[in-house]
Amino acid sequence: MTEVLVNYYIGAGHIDSYQLGAKRLRRGFSSGLSSGNASTAFLCAGQWANFSTISAEIDLPSLLREMDYYLHLLELYKSELIKKFILCYRETVSTLIDKGQTTAIDAKLSYTDVSDPGRDPGTGNKLLEMFYFHQVFRNYWIGYSERCHHYATKFFTVSKPGHFRIYVIKFYHGLNSIDKIRKQANYNKMKEVNEIIAAMKVAASHAESNFRNKLELLEAEQYGITGRRDLALHTYDTAIASAQKANFIHEQGLACEKAGFYCKRMKYNEKSLSYFNQARECYEKWGSTVKVEFIQKELSNLM
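Residues numbered from 1 in each chain as written. Predicted model: local features only at pLDDT ≥ 70, side-chain atom pairs only at ≥ 80, totals over all residues. Heavy atoms only, no water.

Peer 1: Lay out the overall build of the protein chain with the relevant residues and their values.
Peer 2: Looking only at helices and strands, the protein chain features 15 helices and zero strands. A globule of 303 residues ought to have a C-alpha radius of gyration of about 19 Å, and the protein chain, at 19 Å, matches this closely. Taking the principal axes of the C-alpha coordinates as reference, the protein chain spans close to 60 × 35 × 35 Å. Considering the protein chain as a whole, with its 303 residues, one finds that 55% of them fall into the buried category. Counted over contacts in the protein chain with a minimum sequence separation of 6, partners at least 24 positions apart contribute 61%. Surface exposure of the protein chain reaches about 13500 Å², of which carbon and sulfur atoms provide 51%. One way to put it: in the protein chain the 39 positive side-chain charges average out to a point 3 Å from where the 32 negative ones average out. (Helix = DSSP H or I, 4+ residues; strand = E, 2+ residues; numbered from the N terminus. Rg over C-alpha atoms; globule rule 2.2 N^0.38 Å. Buried < 20%, exposed > 50% of the residue type's maximum accessible area, 1.4 Å probe, protein only. Contact = heavy atoms within 4.5 Å. Areas by Shrake-Rupley, 256 points an atom, 1.4 Å probe, with all protein chains shown as cover. Lys, Arg positive; Asp, Glu negative; His and termini not counted. Charge placed at Lys NZ, Arg CZ, Asp CG, Glu CD.)

Peer 1: Quick one: what's the story with the packing of helix α9 (residues 164-184) against helix α11 (residues 208-225), residue by residue and with numbers?
Peer 2: Relative to each other, α9 and α11 sit at 15 degrees, their axes nearing to 10 Å. The angle between the axes of α9 and α11 places the two elements in the roughly parallel class. Along this stretch, α9 crosses α11, giving a crossing that reads as left-handed. Residues F164, Y167, V168, F171, G174, L175, I178, D179, I181 and R182 of α9 pack against F211, K214, L217, L218, E221, Q222 and I225 of α11. Counted by class, the contact of α9 with α11 contains 11 nonpolar, two polar and four charged residues. (Axes fitted to C-alpha atoms, helices over the stretch in contact; angles between N-to-C directions. Parallel < 35°, antiparallel > 145°, perpendicular 65-115°, else oblique. Left-handed = near helix turned anticlockwise from the far one by under 90°. Nonpolar A, V, L, I, M, F, W, Y, C, P; charged D, E, K, R; others polar.)

Peer 1: Pulling in residues and values, what's your account of the pattern of salt bridges?
Peer 2: Counted under the stated rule, the structure contains 15 salt bridges. Across the pair R165 and E129 runs a salt bridge, and its minimum N-O distance is 3.3 Å. With R165 in helix α9 and E129 in helix α7 (residues 121-141), this residue pair connects regions lying 36 residues apart in the sequence. Residue R165 shares its accessibility class with E129, and that shared class is buried. Taken together, the salt bridges that share partners define one network made up of K23, R26, E57 and E66. (Salt bridge = Lys/Arg side-chain N within 4 Å of Asp/Glu carboxyl O.)

Peer 1: Provide a residue-level description of unusual backbone geometry, including the pertinent values.
Peer 2: The phi angle of most residues is negative, glycine excepted, and most peptide bonds adopt the trans form. Even without a glycine there, the phi angle at K78 is positive, about 55 degrees. Relative to the assigned elements, K78 resides in the loop between α4 (60-77) and α5 (80-98). The class for K78 is exposed, based on a relative accessible area of 65%.

Structural data, given as structure tokens:
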């Protein structure tokens, strides 16, 4: 049964709630290990670590502690492949907490580790895809726009069409592209943004709990840069509500943050303060010191 569980979430995990998937995979790990099936148990652990990272199923410091526990067990069981995946996820979590200032460890997954031409093609491609995925994810969250764009481009060249990871990266790549349009007043990227929103509508129709809030935030940002103020404000609020319903505390915070910046640009200072305060509360619950400090600076500038 544990093998069925892990294969389901590897292939079709986007259909269920990411957080529900993370909880089931954690139980799968315990079940596999107690039944003596360590290899499948650690596959569950690896999938759990990824699902929990992207869905904020638990707060970041707790997630880091659980990953360190799994890494300790992986040392004992000599499971090098799953260790590489979890090291990749761990670096993302450490970066999101404090950019690794107090949470980093010496062991990391480097590009050399994932691009070895002697590696088994199937395993190597999965590692490389996950490496690019997490580079996009972590670089978007800490505000490294060019790196985010670079690794998104790399990711799309190695990812499998239709897999849920593509839609997660499309979300962050779409937000990053809208930021570039806004900063550079270059609307050539709007076609790509429209294509991403169309893809997200398809994803949301199949897995609303995972993608509805992402679609709405992309739409709100698009309405904002095309001058549809009332529609933008309404859609920011629906994105916030959808993220809250899905228990995506990080993306709830992100929607509040984006709404705060939109209101700041529109000179709606009271609304901006309210949204930024909501964002800070979400990021505090998520456990991201980096994002809390970022939002606090914005609040200090507005007060």
